[in-house]
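# Close look at the chain arrangement
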Amino acid sequence: MLPALTALRVFILLAALPGTGQHLARLVKGAYVFWSGKKIAVIGPTASGKDSFIARLQGRQIPIRHATSPLGERVKSFDVRLALTRRQSVNITCKGVVNVGGDVEYRDDPSGWLSVCKGADVIFYVMTVQDLVEKRFMAKGRVRSDLEWLQAALPQLDENALVHVLINKIDEEIATHTRYEPFAMELAKELRALDRTAKRVLKPYEDRYTGATLISMKNKSMYTLAIHRAFRAVYSAFHEHESPNASSVQAIGAVT
Ligand SMILES: Nc1nc2c(ncn2[C@@H]2O[C@H](COP(=O)(O)OP(=O)(O)OP(=O)(O)O)[C@@H](O)[C@H]2O)c(=O)[nH]1
Ligand SMILES: [Mg+2]
């Protein structure tokens, strides 16, 4: 099959939006166009799994030992090969990804998170499932203060920059990817609370928030399942933003 055709078929899955014919084709093309050459930034608390996420995106093994990333370490542009099924994958170019450690000093340093996020189209904020369960998104929690940091930073960033939260290390709570859905249901209350808080704290930029996705960088099956949801949620939010009257666009759920 021609690569372009494969890519289109893949994006039918990626977009995963209801609709037929021309409308669907437009959406599929839109998703492809949206993700091609996107600049992403990866931020989050220390040891939440930022380097592991970048490794996964690059198809590498995740670092076994935690090594704190130096401030503003640049990661070269790379192509993300997103395998949607065993036989289908699509290439997305991520340019100018900059990695940065998660300490608060790193966050607040001018050459820290702000420089990482500048010019990014999509900012992935990586936290852990422990942060969620311990409600660190509530007042005085680390996640909450990071959201406040983002709210203050957004006016200085790309005016269309989108934010997506990845809730990592779910493999520490569940054994297989088949437990993903039931686990997400168990955490529904916390996920809704995180969503509400994120939208409230990010005001007036709450539209930039594209939801949160449970994920494991360590477990490949869980990673694969989750990353499609995350990419889809970001694109859906973008599409919704672009055409607010599009009735067939999936609502962005808190989590997935
Ligand atoms: N169990 C489990 N461990 C993980 C997962 N993702 C990352 N880790 C581990 O967590 C540790 C930290 O991962 P990193 O990716 O280096 O974290 P980081 O966010 O880049 O850390 P800093 O740069 O210091 O802020 C490593 O020991 C990883 O092996 C995951 O999904 N599950
Ligand atoms: Mg790191």
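So, how was this worked out
- Residues numbered from 1 in each chain as written.
- Chains lettered and ligands numbered in written order.
- Predicted model: local features only at pLDDT ≥ 70, side-chain atom pairs only at ≥ 80, totals over all residues.
- Helix = DSSP H or I, 4+ residues; strand = E, 2+ residues; numbered from the N terminus.
- Buried ≥ 20, exposed ≤ 12 C-beta atoms within 10 Å, placed from the backbone.
- Pairing = 2+ DSSP bridges.
- Axes fitted to C-alpha atoms, helices over the stretch in contact; angles between N-to-C directions.
- Contact = placed C-beta atoms within 7 Å.
- Left-handed = near helix turned anticlockwise from the far one by under 90°.
- Nonpolar A, V, L, I, M, F, W, Y, C, P; charged D, E, K, R; others polar.
- Expected span 1.5 Å × (residues − 1).
- Arc of directions from axis to C-beta.
- pLDDT = per-residue confidence, 0-100.
- Core = buried A, V, L, I, M, F, W, Y, C linked by C-beta atoms within 7 Å.

### Side note on the overall build of the chain
- For the chain, the helix and strand inventory stands at 10 helices and six strands.
- Sorting the 256 residues of the chain into buried and exposed places 42% on the buried side.

### With respect to the sheet that holds strand E6 (residues 209–214)
- Ordered by their spatial adjacency, four strands build an open sheet running E1-E4-E5-E6, and the pairing between neighbours is parallel. The two strands at the open ends of the sheet, each matched to only one other strand, are strand E1 (40–43) and E6. Here the strands of the sheet are splayed against their neighbours by 20° on average, with no regard to which way each runs.
- The sheet contact formed by E1 and strand E4 (residues 122–128) spans four bridges and is parallel. Its bridge partner being in E4, isoleucine 40 is matched across the sheet by valine 122.
- Where helix H9 (residues 188–202) meets the sheet, its contacts fall on strand E5 (162–168) and E6, and the angle it forms with E6 comes to roughly 150°.

### Quick look at the packing of helix H7 (residues 142–153) against H9
- As a packed pair, H7 and H9 sit with axes 9 Å apart at the nearest point and diverge in direction by 35°. Seen along the crossing, H7 lies across H9 with a hand that is right-handed. Each of Arg144, Leu147, Glu148, Leu150 and Gln151 in H7 lies in contact with H9, whose residues at this interface are Thr197, Ala198, Val201 and Leu202.
- A class-by-class count of the residues in the contact of H7 with H9 yields five nonpolar, two polar and two charged.

### Structural notes on H9
- Compared with the 21 Å implied by 1.5 Å per residue over 15 residues, the 21 Å span of H9 between its first and last C-alpha is a close match.
- Turning to H9, its buried residues number three or more, namely Leu191, Leu194, Ala198 and Val201. Buried residues of H9, seen end-on, are gathered within an arc of 100° and therefore sit on one face of the element. Exposed residues on H9 whose side chains face more than 90 degrees from its buried face are Ala188, Lys189, Arg196 and Arg200.
- As for H9, its buried residues are in contact with helix H6 (129–133), H7, E5 and E6.

### Points about the confidence of the model for the chain
- Taken residue by residue, the chain gives an average pLDDT of 80. The fraction at 70 or more is 74%.
- Overall, residues 1–18 carries pLDDT values under 50, and its contacts beyond four positions in sequence, including any with other chains, amount to 32 contacts.
- Taken as a whole, residues 244–256 scores under 50 in pLDDT and shows 34 contacts with residues more than four places along the chain or in a different chain.

### Description of unusual backbone geometry
- With an omega dihedral of 5°, the bond running from lysine 203 to proline 204 counts as a cis peptide bond.
- The topology assignment puts proline 204 in the loop between H9 and E6.
- With a phi angle near 55°, lysine 135 is a residue other than glycine that sits in the positive phi range.
- Summarising the element assignment, lysine 135 is placed in the loop between H6 and H7.
- A tally of 15 C-beta atoms within 10 Å means that lysine 135 is categorised as partly exposed.
- One non-glycine residue, lysine 140, lies in positive phi territory at about 75°.
- Following the sequence through the fold, lysine 140 ends up in the loop between H6 and H7.
- A count of 7 C-beta atoms within 10 Å places lysine 140 in the exposed class.

### Quick word on the pairing of E5
- Taking burial as the measure, the seven residues of E5 include seven buried ones, the bulk of the element.
- Here E5 shows no split at all, with Leu162, His164, Leu166 and Asn168 on one side and Val163, Val165 and Ile167 on the other all buried.
- In the sheet, E4 pairs with E5 via seven bridges, with the strands oriented parallel. By the bridge assignment for E5, methionine 127 is matched with isoleucine 167.
- In this structure, E5 lies alongside E6, joined through four bridges in parallel fashion. Pairing of isoleucine 167 across the sheet is with leucine 214, part of E6.

### Section: the nonpolar core
- Counting 60 residues, the largest nonpolar core has Ile43, Ile123, Phe124, Ile167 and Ile215 as the members making the most contacts within it.
- With 10 residues, helix H10 (residues 220–242) is the largest single contributor of residues to this core.
- Apart from residues no more than four positions distant in its own chain, phenylalanine 124 is found in contact with Ile40, Val42, Phe53, His164 and Leu166.

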